[in-house]
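Geometric and topological summary
Now for the letters of each chain:
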Amino acid sequence: MARREETEQERRRRIGILNARLPKKRNIAQGLLRNPAGEVLLCELSYKAEWDLPGGVVDPGEPPALTVTREIEEELGLRLPAGPLVAVNWLPPWRGWDDAHLFLFDLGVFEGELDPSLFLPREIAGAHWVRPEAAAEYVAPYTARMLEIVAQAPAGGTLYLENSELPSG
């Protein structure tokens, strides 16, 4: 028996139903920016206690590399292209947030001065250069673990992490 081809309208209706029913996952894009001393840039956020790497939530239909570039320009006034993808990190639910994927991009070494007058005050209370080994004092535990693993990883390639740990097996 020959299979009937679906019309474009039927195909779009079927996909619409699936899009409405299938899970949605929040994506986050962040950047790892270092200064010549090897310190990493952490943002003191106005809306939560923990500091974080620069970046933000990926808008629907937006590539993560574009997100990190856009967020850093909007929030810190810096124009930095996203470099290589350093890690993809699946994050389990945390403090009321659903699980998410975090895309960490290398932003290279920044030799200029940060200008606090360019910071987006509704989100950024400050930006600080911090030694990677001291980051755990300021950031969420999953960010501290991710920074540890990234610092120990050989250069090149992309890490796959689950809850900021290398999966076993």
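That block above? That's the structure.
Residues numbered from 1 in each chain as written. Predicted model: local features only at pLDDT ≥ 70, side-chain atom pairs only at ≥ 80, totals over all residues. Heavy atoms only, no water.

To continue, consider the pattern of salt bridges. Tallied over the full model, the rule gives 14 salt bridges. As a salt-bridge pair, Arg70 and Glu62 come within 2.7 Å of each other at their nearest N and O atoms. Among the residues examined, Glu62 registers a relative accessible area of 15% and is labelled buried. Residue Glu71 pairs with Arg70 through a salt bridge whose shortest N-O separation is 3.2 Å. On the basis of relative accessible area, Glu71 is assigned to the buried category, the value being 9%. Three or more residues are tied together by salt bridges with common partners; here these are Asp59, Glu62, Arg70, Glu71 and Glu74. (Salt bridge = Lys/Arg side-chain N within 4 Å of Asp/Glu carboxyl O. Buried < 20%, exposed > 50% of the residue type's maximum accessible area, 1.4 Å probe, protein only.)

Our focus in this paragraph is the environment of Glu44. Tracing the chain through its elements places Glu44 in strand β2 (residues 40-45). Owing to a relative accessible area of 27%, Glu44 belongs among the partly exposed residues under this scheme. Through-space distance from the C-alpha of Glu44 to that of Glu123 is 8.5 Å; in sequence the pair is 79 residues apart. Apart from the residues lying within four places of it in its own chain, the contact partners of Glu44 are Trp51, Glu123, Ile124, Ala125, Gly126 and His128. A distance of 2.7 Å separates a polar atom in the side chain of Glu44 from a polar atom in the side chain of His128. (Helix = DSSP H or I, 4+ residues; strand = E, 2+ residues; numbered from the N terminus. Contact = heavy atoms within 4.5 Å. Polar contact = N/O pair within 3.5 Å; in protein donor to acceptor, adjacent residues only side chain to side chain.)

Two strands pair when backbone bridges link them, and strand β1 (residues 26-34) and strand β5 (residues 100-109) are joined in this way by 9 bridges, in the parallel orientation. Among the inter-strand pairings, Asn27 is bridged to a residue of β5, identified as His101. Sheet topology places β1 next to strand β3 (residues 55-57); 3 bridges connect them, and they run antiparallel. Opposite Ala29, over in β3, you have Gly56 as the bridge partner. (Pairing = 2+ DSSP bridges.)

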